[in-house]
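Below are the chains, spelled out letter by letter.
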Amino acid sequence: MALDDLYRSLLTREELLLHERFRFARDRHRYLVTRVLVRWVLSRYTQVPASAWQFAADQFGRPRIDGPMLDEVRGLDFNVSHTKGLIVLGVGRDIKFGVDVENTSGSAALDIVDHAFSSEEACSLRSLSADKQEQRFFEIWTLKESLVKACGLGLQMDFGRFSFDLDGDDINLVFADNAATLGRNWLFWQFQPSMDYVVAVCAAPSGASTQIICREALPLRWERDFDISPARATIALRR
């Protein structure tokens, strides 16, 4: 059985219908691999078979585990992000988190800076030389997306209410107001797995030390440890 056929055999009827709605083959393939990756990795943490997972979207559109296996997998959660050439999946238990990845080989959407970034972030970005502005855009954008996904508020969250200060090797988050809905001591990590990608991870500390283990994989075929250190990280929240 070809690998894509094996992948399709694990999807639900609804997922297969969504898969066929993508116009381009590359998008169909990315959707297929993403859905199987989620199922396959989640099954590494439980006794639930890859084909048995059920999912639903919350009120803001974030996928979550659903169905009769809830008691067995209580506390287990995932978050996924994909871009051209790379899928990033985060899995955790009893912790709020979000992940985001961007392909930096394309042009940055600098035209959205004025309404998607805070004034401090926009000023900091424009103080850089032209050749560094696009990289900084992706660094800030992935961090913002990871926080939004960790909070679970979707596009209802005002991106201008918080800023990221990336001077030096630290990631410092600054709120424009009390921002009660965001009131956690969020931790951030930023990785650059290759020259073409920036990955951001946001998590809320759970009392114990928070550890990130990175692996790379081809679903149902292989996985291996991926030894990578964060380009930036933070453990402090500034107001």
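Note that the structure is a prediction, hence the values are computed from the model and not measured.

Caption draft 1: Examining the pattern of salt bridges more closely. Applying the stated criterion across every chain yields a total of 15 salt bridges. Between R35 and E15 there is a salt bridge, with the nearest N and O atoms lying 3.3 Å from each other. With R35 in helix 3 (residues 25-43) and E15 in helix 2 (residues 13-21), the pair connects residues that are 20 residues apart, well separated along the chain. Each member of the pair, R35 as well as E15, is classed as buried. The shortest N-O distance in the salt bridge between D114 and R126 comes to 2.8 Å. In this pair, D114 sits in helix 4 (residues 113-116) while R126 sits in helix 5 (residues 119-126), placing the two residues twelve residues apart along the sequence.

Caption draft 2: Representation of helix 6 (residues 130-151) within the structure. In this model, helix 6 (22 residues) spans 32 Å end to end at C-alpha, consistent with the 32 Å of a helix rising 1.5 Å per residue. Extensive coverage of helix 6 is indicated by the burial of 17 of its 22 residues.

Caption draft 3: Layout of the environment of V148. Here V148 shows up in helix 6. With 51 residues separating them in the primary sequence, V148 and F97 have C-alpha atoms 9.5 Å apart.

Caption draft 4: Molecular detail of the nonpolar core. Formed by 29 residues in total, the largest nonpolar core has its most connected members in F137, L147, F164, W186 and F188. Taken together, the elements giving at least two residues each to this core come down to helix 4, helix 5, helix 6, strand 6 (162-165), strand 7 (172-175) and strand 9 (197-203). Of the residues forming this core, the biggest block, nine residues, is contributed by helix 6. In contact with W186, other than residues within four places in its own chain, are K96, L147, A150, C151, L173, C202, A203 and A204.

Procedures and definitions
Residues take numbers from 1 onward in each chain, read along the sequence in its written order. Totals for whole chains, interfaces and linings use all residues, but because this is a predicted model, local features are given only for residues with pLDDT of at least 70 and pairs of side-chain atoms are given and counted only at 80 or more. Values reported for side chains reflect all heavy atoms of the structure, with hydrogen atoms and water molecules removed beforehand. Salt bridge criterion: a side-chain nitrogen from Lys or Arg within 4 Å of a carboxyl oxygen from Asp or Glu. Helical segments are the DSSP runs of H or I of at least four residues, strand segments are the runs of E of at least two, and each set is numbered from the N terminus. Only protein chains enter the area calculation, which uses a 1.4 Å probe; residues under 20% of their type maximum are buried, those over 50% are exposed, and those in between are partly exposed. One fewer than the residue count of a helix, multiplied by 1.5 Å, yields its expected span. As used in this record, nonpolar core signifies buried Ala, Val, Leu, Ile, Met, Phe, Trp, Tyr and Cys residues forming a set joined through side-chain atoms within 4.5 Å. Pairs of residues are marked as contacts when any of their non-hydrogen atoms sit within 4.5 Å.

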